[in-house]
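Given next are the chains, with one letter for each unit.
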Amino acid sequence: SITQALAPRRRLVDCCGADAVVQLWRAVCDAGLRSGTRRVDVAAFRRPSGCADRRALHVVERFTRATDAILVDRDVIGYAVALADATRNPAAYGLNEIESYIEYGASPRGPIGLVRAARALALLRGRGHVAYSDIRDLAPDVLRHRIVLSYDALSDEVTVEDLLERVLGAVMEPSSASPHGSAVA
């Protein structure tokens, strides 16, 4: 059940604290989390007090298995791929005006990370499948650090967030309202 699937997340937070969960999230995406000081950066490498490594690893493995069981429709995967492709080929999506601002767009690893993160978000939202909204909600965090701005963007003070907002506005979700058709495990 979903309640059982969410239990590993609660135990992970209980065992290792919220800092460990934040570190795991940082491994997947750039959520704009900044430490700011050298002391905080060094502290991130220390094991949280009271956290038993074996138990924490077991909990993370269970959470990973629960996340891997979340279904993803082919159209949802296609939407994630289209978002990343729009950062590499903006003109193909009617975004000619931003093409000169992107030196390098998101690589094929971008949508892979996006779908993986969306599975975890769907699990946390209590669903057994990924929705388009999961992809859309996570796209800025997952793709932000995968886009290299051009000199034109830097000189015009255009941010990656500005570009991703345009991409999200231009790349439409597939027409089916609720993805359940051709699920991919």
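Before reading on, note that the structure itself is shown above.
Residues numbered from 1 in each chain as written. Predicted model: local features only at pLDDT ≥ 70, side-chain atom pairs only at ≥ 80, totals over all residues. Heavy atoms only, no water.

Enquirer: Could you clarify how one ought to interpret the overall build of the chain in this entry?
Expert: Across its full length, the chain holds eight helices and four strands. Its helices and strands taken in sequence order, the chain reads α-α-α-β-α-β-α-α-β-α-α-β from the N to the C terminus. Per-residue burial for the chain yields a buried fraction of 38% across its 185 residues. Pairs at least 24 apart in sequence give 75% of the contacts found in the chain among residues at least 6 apart. Accessible surface for the chain amounts to roughly 10,600 Å². Of this, 53% is attributable to carbon and sulfur atoms. (Helix = DSSP H or I, 4+ residues; strand = E, 2+ residues; numbered from the N terminus. Buried < 20%, exposed > 50% of the residue type's maximum accessible area, 1.4 Å probe, protein only. Contact = heavy atoms within 4.5 Å. Areas by Shrake-Rupley, 256 points an atom, 1.4 Å probe, with all protein chains shown as cover.)

Enquirer: How should the environment of Leu114 be read in this particular structure?
Expert: Here Leu114 shows up in helix α5 (residues 109–124). A residue is classified by how much of its surface remains accessible, and Leu114, at 0% relative accessible area, is buried. Once the C-alpha coordinates of Leu114 and Pro140 are considered, the two residues, 26 residues apart in sequence, prove to be 9.6 Å apart. Excluding anything up to four places from it in sequence, Leu114 contacts Ala80, Leu83, Ile135, Leu138, Ala139 and Val142.

Enquirer: Where do I start with the pattern of salt bridges in this structure?
Expert: Note that side chains of opposite charge can pair when their charged atoms are close. What the rule picks out here adds up to eight salt bridges. Between Arg88 and Asp85 there is a salt bridge, with the nearest N and O atoms lying 3.6 Å from each other. Here Asp85 and Arg88 lie together in helix α4 (residues 74–88), a separation of three residues that amounts to about one turn. The exposure class of Arg88 is partly exposed, given its relative accessible area of 34%. Of the residues examined, Asp85 reaches a relative accessible area of 19% and is grouped as buried. Linking Arg166 and Glu97 is a salt bridge whose minimum nitrogen-to-oxygen distance equals 2.1 Å. Linking Arg166 in helix α8 (residues 160–170) with Glu97 in the loop between α4 and β2 (102–104), this pair joins segments that are 69 residues apart in sequence. Arg166 gets classed as partly exposed once you look at its relative accessible area, which sits at 39%. Shared partners join several salt bridges into a network, and the residues in it are Arg125, Arg127, Asp134 and Asp137. (Salt bridge = Lys/Arg side-chain N within 4 Å of Asp/Glu carboxyl O.)

Enquirer: It is not clear to me how the nonpolar core should be interpreted in this structure. Could you clarify?
Expert: Side chains of nonpolar character tend, in soluble globular proteins, to be buried together. If you look at the biggest cluster of nonpolar residues, it comprises 38 residues, and the most contacted ones within it are Leu83, Leu114, Val130 and Ile135. Breaking this core down by element, the ones donating at least two residues are α3 (53–68), α4, α5, α6 (132–143) and α8. (Core = buried A, V, L, I, M, F, W, Y, C linked by side-chain atoms within 4.5 Å.)

Enquirer: Got a minute to help me understand the packing of aromatic side chains in this structure?
Expert: Aromatic ring pairs are described here by two measures, namely the spacing of the ring centres and the angle between the planes. Tallied over the full model, the rule gives one aromatic pair. Relative to Tyr132, the ring of Tyr79 lies with its centre 6.0 Å away and its plane at 90°, an arrangement referred to as edge-to-face. With Tyr79 in helix α4 and Tyr132 in helix α6, the pair connects residues that are 53 residues apart, well separated along the chain. (Phe/Tyr/Trp six-rings, centres within 6.5 Å; stacked < 30°, edge-to-face > 60°.)

Enquirer: Explain the packing of α4 against α5 to me, please; I cannot follow it from the model alone.
Expert: Packed helices, taken two at a time, are described by the angle between their axes plus the distance between the axes. For the pair α4 and α5, the least separation of the axes is 8 Å and the interaxial angle reads 135°. On the basis of their axis angle, the class for α4 and α5 is oblique. By crossing handedness, the relation of α4 to α5 is classed as right-handed. Taken together, the residues of α5 that come into contact with α4 (itself represented by Ile77, Ala80, Val81, Leu83 and Ala84) are Pro111, Leu114 and Val115. (Axes fitted to C-alpha atoms, helices over the stretch in contact; angles between N-to-C directions. Parallel < 35°, antiparallel > 145°, perpendicular 65-115°, else oblique. Left-handed = near helix turned anticlockwise from the far one by under 90°.)

Enquirer: What am I meant to see in the packing of α4 against α8 here?
Expert: At a closest axis distance of 10 Å, the pairing of α4 and α8 adopts a crossing angle of 130°. Regarding the angle of α4 to α8, the classification is oblique. The handedness of the crossing between α4 and α8 comes out as right-handed. Residues Tyr79, Leu83, Ala86 and Thr87 of α4 form the contact with α8, whose own contacting residues are Leu164, Val167 and Leu168. Split into classes, the residues belonging to the contact of α4 with α8 amount to six nonpolar, one polar and no charged. (Nonpolar A, V, L, I, M, F, W, Y, C, P; charged D, E, K, R; others polar.)

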